[in-house]
Amino acid sequence: MNTAYPVRVDAELDEPLSRWLWLVKWLLALPHYLILALLWIAYPFVGLAAFFAILVTGRYPRSLFEFTVGVLRWSFRVQYYSYAALGTDRYPPFTFGDVPEYPARLQVEYPQRLSRGLVLVKWWLLALPQLIIVGLFVGGGTWLFTRPGRDDFTWAAGGLVGILVLIAAIILLFTGKYPRPLFDFILGLDRWVLRVAAYVSLLTDRYPPFRLDLGGSEPSGPAPSPEPLTQPPPGSAAEPGTPPFSPPTTPPPSGSGPAATGWTGGRIAAAVCGAVLVLFSTGLLSGGSALMWADRNQRDADGYFSASAPFNASGYALASDPVQLHGLGTGGPDLAAIVGDTRIRATAVDAAQGVFIGIAPAASAARYLAGVEHTTVTDFGDRGAVGVDNPGGALATPPQLAGIWAGQASGPGTQSVAWPVRDGDWTVVVMNSDGSRGVAVDAEAGATVPAIGWLSVLLVVAGVVFLAGGVACIWLAARGASGHRARTPVPVAGGDPGDRGRAP
């Protein structure tokens, strides 16, 4: 009985490899990427046609089968050349067909019959556990920061295969050698991905094994045990008391099988943990580097980070939503040390009009503006402010005489209020300096944020620590697997049983 999986992935590490070529393979492979982009547009439609053909006839039309396998094979060769393995510098051929002399091959056994019922569920429901695993291998990643809202962004790092290939590329760059244990591990991941891809593409009904088959060659099924010969070979005489003759057992090829590779469960787990640490470190390093760059390049001449927007109000004042600052100096976060000094600037659109800026406790500002027509600003950005209009009348008291302000500025041109962060609920109010109706200003809010400096250093140091730990885990796992392979005894065919297990 043939127990080999019908999707066969074989690859050979095509050494020697160039130290530098991998830096430009993305450019060299561009013609393949363009063609494959068109082929992958057609791929799902071919799969849909095959789906209905299998559902009706129980057979995968040969021409559609060859197209589907051809696209997978072509993609595997290009990815093996580029950034799913970097296993060869030989340029991939432009063909669907199998090229035996190319160091990366994908072969799929044509199924004579396929289940009509299974085709309804295998490509999504049954494959779901495998797709989750494959997502970790080739995509997924670790999301490190997400901010919902108008300016969404996410920091993330890529899949396990990409991280391991990057490590292999860096080692290749400095040493000129591709670590064989790392290659075996990457090919095991690629093989798993291709098996799942073939299953989801309806090319086989055999469920992909939850097994990491390492190395460039497919593992063969268990060989049948040879039957002992009850008769001696022709031309020989059996001596009394001689046990039945059995042929010598052929030793397995060197470097085959899990024991010979040295990749035990513990070493695989260490390599995966190391890759996850490296994955996480990329986010920390990129975030810390971005903060360092901002700390040195995004401050104005006075050392503030700031954002500006135009503001308009038909009433007598613009007021911010209350800013709540609680727990400062009472065991809570030291927000003053994090945010530093804040600054509010405003310039009237009409150069002849003066501007008033005031910062007051929220309750005092609410009493002052009670019954006054004004706009409460709830959000602002480059396109302007979003606010709520509050109906009412004119100001009863000029702003300069209100006596409620913790910080204020008034006059023509640009006015600015610098204010150290304090505990409490605070409201910023902007008006015309004469208290007249209709406020139109260009306003800016900024803060010194002294914490960015040490926070960026902390992120970079943490990223370096995670990176070093991840590389150490992967190196120790690969070193252990390589050392195991070097120590694996070579069995001797025939001879004295006492000689078996010793190197010849």
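Here's what I pulled together on the structure shown here. Note that the coordinates shown come from a computational prediction; the quantities given were computed from them, not determined experimentally.

### Looking at the packing of aromatic side chains
Stage number 1. Taken as a whole and assessed by the stated rule, the structure comprises 21 aromatic pairs.
Stage number 2. Taking 5.6 Å as the distance between ring centres and 80 degrees as the angle between the ring planes, the aromatic pair formed by Tyr-81 and Tyr-91 counts as edge-to-face. On the criterion of sequence distance, the pair formed by Tyr-81 in helix α3 (residues 62-81) and Tyr-91 in the loop between α3 and β2 (104-108) is long-range, its members being ten residues apart.
Stage number 3. Judged by its relative accessible area of 1%, Tyr-81 falls in the buried class.
Stage number 4. Three or more aromatic residues joined by ring pairs form one cluster here, namely Phe-67, Trp-74, Tyr-81, Tyr-91, Phe-94 and Phe-96.
Stage number 5. A cation sits over an aromatic face here: Arg-62 above Tyr-110, 3.7 Å from the ring centre.

### A closer look at the pairing of strand β12 (residues 407-411)
Stage number 1. Residues Gly-407, Ala-409 and Gly-411 line the buried face of β12, whereas the alternating positions Gln-408 and Ser-410 sit on a face that is not buried.
Stage number 2. One ladder, built from five bridges, connects strand β9 (residues 355-361) with β12; its direction is antiparallel. Each residue of the ladder has a partner; that of Ile-359, found in β12, is Gly-407.

### Observations regarding helix α7 (residues 180-200)
Stage number 1. The terminal C-alpha atoms of α7 lie 30 Å apart, and with 21 residues this matches the ideal 30 Å at 1.5 Å per residue to within 8%.
Stage number 2. Immediately downstream of α7, the backbone of Leu-202 shows phi near 70 degrees, a positive value.

### A short note on the nonpolar core
Nonpolar side chains tend toward joint burial in soluble globular proteins.
Stage number 1. In terms of nonpolar packing, the biggest core is built from 68 residues, with Tyr-60, Tyr-80, Leu-106, Leu-164, Tyr-178 and Leu-203 touching the most fellow members.
Stage number 2. Contributions of two or more residues to this core are made by β1 (7-11), α2 (30-57), α3, β2, α5 (128-138), α6 (160-175), α7 and α9 (265-297).
Stage number 3. The contacts of Tyr-178, once residues within four sequence positions are left out, are Leu-13, Glu-15, Leu-17, Ala-85, Leu-86, Ala-168, Leu-172, Phe-183 and Ile-186.
Stage number 4. The next biggest cluster of nonpolar side chains, apart from the first, holds 22 residues, and it includes Val-355, Val-377, Trp-426 and Val-430.

### Points about the pairing of β2
Note on strand geometry: in a regular strand, side chains alternate between the two faces of the sheet.
Stage number 1. In β2, alternate side chains face the same way, and those of Ala-104, Leu-106 and Val-108 are buried while those of Arg-105 and Gln-107 on the opposite face are not.
Stage number 2. Of the strand pairs in this sheet, β1 and β2 are connected by five bridges, and their pairing is antiparallel. Looking across to β2, one finds that Val-9 is bridged to Leu-106.

### Comments concerning unusual backbone geometry
Stage number 1. Following Glu-15, the chain continues to Pro-16 via a peptide bond in cis, the omega torsion being 0 degrees.
Stage number 2. Inspection of the secondary structure puts Pro-16 in the loop between β1 and α1 (25-28).
Stage number 3. Of note in this structure, Leu-86 is not a glycine but carries a positive phi near 55 degrees.
Stage number 4. As for its placement among the helices and strands, Leu-86 is situated in the loop between α3 and β2.

Quick notes on the rules
- Residues numbered from 1 in each chain as written.
- Predicted model: local features only at pLDDT ≥ 70, side-chain atom pairs only at ≥ 80, totals over all residues.
- Heavy atoms only, no water.
- Phe/Tyr/Trp six-rings, centres within 6.5 Å; stacked < 30°, edge-to-face > 60°.
- Helix = DSSP H or I, 4+ residues; strand = E, 2+ residues; numbered from the N terminus.
- Buried < 20%, exposed > 50% of the residue type's maximum accessible area, 1.4 Å probe, protein only.
- Lys NZ or Arg CZ within 6 Å of the ring centre and 35° of its normal.
- Pairing = 2+ DSSP bridges.
- Expected span 1.5 Å × (residues − 1).
- Core = buried A, V, L, I, M, F, W, Y, C linked by side-chain atoms within 4.5 Å.
- Contact = heavy atoms within 4.5 Å.

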